[in-house]
Structures are given as C-alpha cells and as structure tokens.
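Listed here are the chains, written in short residue letters.
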Amino acid sequence: MKEPLRVGVLASGRGSNLQAILDASARADFPARVAVVVSDREGARALKIAAERGVPAVFLNPKDFGDREAYDAAITKVLEAHQVGLVCLAGFMRILGPAFVRAWRGRVMNIHPSLLPAFPGLNAQRQALDHGVKISGATVHFVDEGVDTGPIILQSSVPVQPDDSEETLAARILAEEHRLYPQAVRLFAEGRLRIVGSRVIVEW
Ligand code: GAR
C-alpha cells in the first residue's frame, strides 16, 4: 500500500479543525497522517491536542525571530524535518510571507469560515451578520500571496438565521469546516486536485 501523505498543521488556537483531521486520519483507509503541528502561540490548545495524540507539537515563538521571513523559514525547516507533503492552516492567525508561499505553492491549504471571496480576513461571521446575508458557509482553498484568496477547493453553505449571533453562526459553520477539511486533505492525498489558473478542478 502507498505510504500515507504526511501533513503538517499550523494552528494558533482551539484546534478543532486539527482534531477533525486527526479523527479522520485515525481511520485505516484515510490516505494522510498528521506528521507535525506547529503553533505561534505557546498556550494553543492545538499543541495540547497534538501532544495527547502522540503527534510532534512545536511552538515557534515569533519573538525569537528578526522578521517574518526568518520566522517562516523556521516553519519550513520544521515541516521539512518531518517530510511534510501538505501544509494545512487550521486557525493559523499569522500571514505567511511570499517566500513561504512560493516554496510551498500548491501544497498549502487554508480553511475560512465564509463563502469566499465574501468576507475574508478577521471576524468572517460578524461580517456575514453585518451584511445581512441569508447564506454563509465554509471554504477550503489553496494559499496564495493574498489574505484568504487563492484557488478554491471545496465550499459548503449554511443558512443564516434571523436570530443568529456570531456564536450560533460560527458553530453552524464550524460543523461544515470539520466535514470539509478532511475531505479536501483526502482529495489532495489521492491526487484528485488540479490547479488550473485560479481554479481547482476536482476529479471526483
Ligand atoms: C476556524 O473557524 C477557521 O475557519 C478560522 O479560525 C477558526 C479556527 O478554529 N480561520 C480563519 O478565520 C482564517 N482566516 P479551530 O482552531 O478550532 O480549528
């Protein structure tokens, strides 16, 4: 059998998307494994989740590096040491610089809690409520030089209810995130994603 794809997850916080990928990869038929988790926050729950699962968990303190490029290079070093073939940003709240994006182009995914290109950046659920949209959702996309831009891999929509708060909408979207991210990782690992210009062709 083919060796599973080695995935590196970058996470800054709660780690529920990391958890979803770990849960999926615990299944024997899942074609990927989490090889390492890297965080820019020492107290990130994501690091604890990784450690509990026996996955190497690395805290890289941005303050220990002179600039973004040096920090990003340190991340690359960790990812390479763990022979990572796919990088998943899962609530990683730092912008990765152009050198990192170039080095990993087509091999870095991000998940975002809106139907991109609507509502990129911070507080996507708040933005959706402020605009009064009736539908929002989750997007998994390849990372390019922009913020939450880049070729879209998968999306899933959820209704926005009239009485939604940021929290209730976020929870409804999060359930879709947990379904979509492992699915996108699987498609990548199975070689079924092809980037053509600004689009991703999914071979189902
Ligand atoms: C998720 O909702 C993810 O979509 C969002 O951060 C949350 C992380 O949750 N990411 C962004 O907003 C990126 N622009 P998690 O730590 O529980 O996976």
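See the structure printed just above.
This text gives an overview of the structure that appears in the document. Sequence positions are assigned chain by chain, starting from 1 and proceeding in written order. With pLDDT at 70 or above as the cut-off, local features in this predicted model cover only qualifying residues; side-chain atom pairs require 80 or more to be listed or tallied, and sums for whole chains, interfaces and linings still use all residues. To obtain the side-chain values, all non-hydrogen atoms of the structure were included, while hydrogens and water were left out.

The secondary structure content of the protein chain amounts to 6 helices and 9 strands. We take the radius of gyration over the C-alpha atoms and set the globule estimate at 2.2 Å times the residue count to the 0.38 power. Its C-alpha atoms give the protein chain a radius of gyration of 16 Å, within 12% of the compact-globule value 17 Å for 204 residues. In terms of principal-axis extent, the alpha carbons of the protein chain reach across some 50 × 40 × 35 Å. Each residue is assigned to one of three classes by its accessible area relative to the maximum for its type, calculated with a 1.4 Å probe on protein chains only: buried under 20%, partly exposed between the two thresholds, exposed over 50%. Expressed as a percentage of its 204 residues, the buried residues of the protein chain come to 48%. Elements are defined by DSSP. Helices are runs of H or I of four residues or more, strands are runs of E of two residues or more, and each kind is numbered from the N terminus.

Grouped burial of nonpolar side chains is what soluble globular proteins tend to show. Residues belong to one nonpolar core when they are buried, are Ala, Val, Leu, Ile, Met, Phe, Trp, Tyr or Cys, and are joined through side-chain atoms within 4.5 Å. Within the largest apolar cluster, 46 residues are counted, with the highest numbers of intra-cluster contacts made by Met 109, Ile 153, Tyr 181, Val 185 and Leu 193. At 9 residues, helix H6 (residues 166-189) tops the list of elements feeding residues into this core. Between two residues, a contact is recorded if the distance between any of their heavy atoms is within 4.5 Å. Leaving out residues up to four positions away in the same chain, Tyr 181 has contacts with Asn 17, Ile 21, Cys 88, Leu 89, Ala 90, Met 109, Asn 110, Ile 111 and Val 140. Membership of the second largest hydrophobic core comes to 20 residues, among which are Tyr 71, Ile 75, Leu 89 and Val 101.

The relation between two aromatic rings is expressed through the spacing of the ring centres and the mutual angle of the planes. Pairing of aromatic rings covers Phe, Tyr and Trp, the last counted by its six-membered ring, and requires centre-to-centre distances within 6.5 Å; plane angles under 30 degrees mean stacked, over 60 mean edge-to-face, and any other angle means tilted. Inspection of the entire model under this criterion finds 3 aromatic pairs. When the ring of Phe 65 is compared with that of Tyr 71, the centres are 5.4 Å apart and the planes differ by 80°; the resulting orientation is edge-to-face. Classification of Tyr 71 by relative accessible area gives buried; the value is 1%. Any Lys NZ or Arg CZ that is within 6 Å of a ring centre and within 35 degrees of that ring's normal is treated as a charge sitting over the ring. The residue whose ring lies beneath Arg 94 is Tyr 71, and the NZ or CZ to ring-centre distance is 4.2 Å.

Burial of strand S2 (residues 32-39) is extensive: 7 of the 8 residues sit out of reach of the surface. When DSSP locates at least two bridges between a pair of strands, those strands are taken to pair. As defined by bridge partners, strand S1 (residues 5-10) adjoins S2 across 6 bridges and the pair is classed as parallel. The residue bridging Val 9 from the neighbouring strand is Val 37, located in S2. One crossover worth recording links S1 to the parallel S2 by way of helix H1 (residues 16-25), and it is right-handed. Here 3 bridges tie S2 to strand S3 (residues 57-59), and the two strands are oriented parallel to one another. The residue of S3 that forms the bridge with Ser 39 is Phe 59. When the strands point away from the viewer, a crossover counts as right-handed if the path from the first strand over the helix to the second runs clockwise. In this fold, the crossover linking S2 to S3 by way of helix H2 (residues 45-52) has right-handed handedness.

Pairing in this open sheet of 7 strands is mixed, and the strands run S3-S2-S1-S4-S5-S6-S7 from one edge to the other. Of all strands in the sheet, those with a lone pairing partner are S3 and strand S7 (152-159), marking the two edges. With strand direction ignored, the average angle separating the axes of adjacent strands in the sheet is 20°. Bridge count between strand S6 (residues 135-142) and S7: 7 bridges; the pairing is antiparallel. Each axis is a line fitted through C-alpha atoms, taken for helices only over the stretch in contact, and angles between the N-to-C directions span 0 to 180 degrees.

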